[in-house]
Number of protein chains: 2
Amino acid sequence: MDIQITKTTKPRLADFDFSDIPFGKHVSDHMLVAEYGNGKWMDWRIVPYQAFPMEPKCVTIQYAQCIFEGMKATMGKDQIPVLFRPELNIRRFNLSAERMCMPTVPEDLFMEALKAIVSFEKGWIPQGKGKSLYVRPTMYATGNDLGVKPSHSYRFVIFTLPTDVYYSQPVKLVTENTYIRAVPGGTGEAKTGGNYAASLLPAQRAKQQGYDQVIWLEAPDYKKIQEVGTMNLFFVIDDKVITPRLSGAILRGTTRLTLMELLKDKDIVVAERDITIDEVMEAHHQQKLQEAFGVGTAAVVSHISEITHKGKRIVLPPVAERTIAPMLYHEIEGLRSGEITDKKDWLVPVAQMEYEH
Amino acid sequence: MDIQITKTTKPRLADFDFSDIPFGKHVSDHMLVAEYGNGKWMDWRIVPYQAFPMEPKCVTIQYAQCIFEGMKATMGKDQIPVLFRPELNIRRFNLSAERMCMPTVPEDLFMEALKAIVSFEKGWIPQGKGKSLYVRPTMYATGNDLGVKPSHSYRFVIFTLPTDVYYSQPVKLVTENTYIRAVPGGTGEAKTGGNYAASLLPAQRAKQQGYDQVIWLEAPDYKKIQEVGTMNLFFVIDDKVITPRLSGAILRGTTRLTLMELLKDKDIVVAERDITIDEVMEAHHQQKLQEAFGVGTAAVVSHISEITHKGKRIVLPPVAERTIAPMLYHEIEGLRSGEITDKKDWLVPVAQMEYEH
């Protein structure tokens, strides 16, 4: 794959303040871009991060034909950047593409593109526990035909953002009993804009009431727990670890999968099954709810401190008493930083590219 | 409201071929634009139709925070353009905005903006039965913060497209029994991109099998009929007119509402109720299914010629034998063209603006 390089004339890296990197605020200097048309991907290039012209009748603006992925690059041993199980994100990206009637990106080209931009922007990988270069592959329609049908052309972009932890404190969640995020048969398994758009109003209302996020329940009876939108959920009840099974309406979280494998390695059984909010509330009242936590690429492993359901608030045991979530956080961050040996080849090193700057 | 005018330097109107105007293909020369920021709408202007720069991390591309409306302007009596019940679209647009956590557009400003652009572009209103200037108000996020939350800034655009009828022939529909478009509690009542994105794959599969569109059924049992995505549905069974009730997952169609009022005026009762696909199939077998048609701003009133459900195909009575749909089409098009007197003040005339070109 030939990648054309255009360096920025206004580099920001030298003067960049790595102490102020909340999630999503700052992009790095460059991004990788490719265009799709006439049935093929072309024009692969690394260019300064920039805006592209978009008509108001573009299929992206009108019909939200757009998908994304999120993954992290960290600095591993010997100052070699590493990606964490990127093949899982590549595969899920292509599943999202198929659901949204968009072209897939061949896995080998995707991987090469990922390595290229991470190598090029490796100076932007922050140092420090929990910090990383958040890598955001995005694909969106660039066609302008207003008829309701898939676009004929698309843009693939990978941009990167030096970022700190997403939730720095244990989170307070509230169940959502009016709105839904997704149902089986819908687009809940795809990382597509529409799922997130649907979540904005309920999330805003939750925030106005002092909660960090909502727990999505499954329609029509609003009993079964789905996810948080930014995280998959885990519960530890009576020494058993439980996570909602993938119903078709829940994102197939890569962190969810990784943590289940890590737990299995430690002979801790994870039950993937339907779990209702009533079961969680009841377990708490029986003093059997030991932990609850959310997991995701951005959130990593985030403790849940409180859950409110229909006006009833439960306060979970203090973080100091928890064992599973802290162990998982330690494992995953240890793997990323190289402190824990990567026996499963989950880390994909990013070699120096010849066009390195 | 002060609207700044910038005329195109490359006018296309004089040479435009009005015989080739399929839906969505050609925009007119100008559009109306406004920007939202710091809690208010500003910078109202008419400018040449054009693209705007958009960053890859724009909230529209990432989280599909975008809504639209569709309405039609036609040339009424005395060559005065008319809009058809625009207040219904304005109200629905603002309901969509609230669901998607976006600012509303004050109704009076919206109406003035609509009249301004239609007046400015009135030369683009095509002549001829069923033809119109399709008017597309659109609002989308222009903010670039990657955190999952509503944007702080938005753009409001009204662009227009001279357009012919959407479906020129009776349509063949197939029920969708795997995917869903929307459910109560979701975003099905909002005209937001994500609903349409979700529909692309099922619609494409239907087209590949020779159907024009799918009939959406309500999850989880896939029995109750919802809508077509581009149209609301009506059935005439045993001389009774039936349309699915608004469940929260069905678009509140303005044409649906108008046709129900027209039918009521003629003492034809419309039952708004749950109707299952089984009931429709059974009615056909009892030779009681007289008509089925889809209605919408773009589609107006479109006859349904065939319905296929789980491999069983029913062919509906020939159009020549139908009475309700042809009458409704005649009424609504007659009202638009001025051939039928507008007793209900549904037509909003667009006066000549002083900045007319």
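Here the structure is shown first, and the text comes after it.
Residues numbered from 1 in each chain as written. Chains lettered and ligands numbered in written order. Predicted model: local features only at pLDDT ≥ 70, side-chain atom pairs only at ≥ 80, totals over all residues. Heavy atoms only, no water.

(A) Quick peek at the relation of the copies chain A and chain B. Mapping chain A onto chain B calls for a screw motion: a turn of 180 degrees about the axis and a shift of 0.0 Å along it, with 0.0 Å RMSD after fitting. With respect to symmetry, the two chain copies, as superposed, fit the operation of a two-fold axis. The overlap is high: 100% of the interface residues of chain A also sit at the interface in chain B, so the same surface is used on both sides. (Least-squares fit on C-alpha atoms with pLDDT ≥ 70 in both. Contact = heavy atoms within 4.5 Å.)

(B) Region of interest: the interface of chain A and chain B. Across the contact, 62 residues belong to chain A and 62 residues belong to chain B. Considering only the surface of chain A that becomes buried against chain B, Pro56(A), Val148(A) and Leu200(A) emerge as the three largest contributors, covering 13% of it. Across the contact surface, chain A and chain B share zero salt bridges. Applying the counting criterion to the chain A and chain B interface returns 20 residue pairs in polar contact (both at pLDDT 80 or more). Ranked by the residues each element gives to the side of chain A that touches chain B, the list is headed by helix H4 (residues 193-208) of chain A, at 11 residues. Looking at side-chain class alone, the side of chain A that touches chain B contains 36 nonpolar, 17 polar and nine charged residues. Sheet topology places strand E4 (residues 52-54) of chain A next to strand E4 (residues 52-54) of chain B; three bridges connect them, and they run antiparallel. Opposite Met54(A), over in E4(B), you have Phe52(B) as the bridge partner. (Buried area = accessible area lost by both parts, 1.4 Å probe. Salt bridge = Lys/Arg side-chain N within 4 Å of Asp/Glu carboxyl O. Polar contact = N/O pair within 3.5 Å; in protein donor to acceptor, adjacent residues only side chain to side chain. Helix = DSSP H or I, 4+ residues; strand = E, 2+ residues; numbered from the N terminus. Nonpolar A, V, L, I, M, F, W, Y, C, P; charged D, E, K, R; others polar. Pairing = 2+ DSSP bridges.)

(C) Region of interest: the environment of Met139(B). Mapping Met139(B) onto the fold places it in strand E8 (residues 132-141). Between the C-alpha atoms of Met139(B) and Gln4(B), which are 135 residues apart in sequence, the distance is 19 Å.

(D) Inspection of the environment of Ile324(B) at higher detail. All names here are of chain B. Considering the arrangement of structural elements, one finds Ile324 in helix H7 (residues 324-337). Its relative accessible area of 11% is what places Ile324 among the buried residues. If sequence neighbours within four positions are ignored, Ile324 has contacts with Val236, Val241, Leu263, Ile268, Glu291 and Phe293. (Buried < 20%, exposed > 50% of the residue type's maximum accessible area, 1.4 Å probe, protein only.)

(E) Up close: H7(B). Residues and elements named next belong to chain B. With 14 residues, H7 extends 20 Å between its outermost C-alpha atoms, agreeing within 8% with the 20 Å of an ideal straight helix rising 1.5 Å per residue. Burial runs high along H7: 10 of the 14 residues are buried. For H7, the full list of buried residues reads Ile324, Ala325, Met327, Leu328, Glu331, Ile332, Glu333, Gly334, Leu335 and Arg336. Trailing H7 by a residue or two, Gly338 shows a phi angle of about 90 degrees, which is positive. (Expected span 1.5 Å × (residues − 1).)

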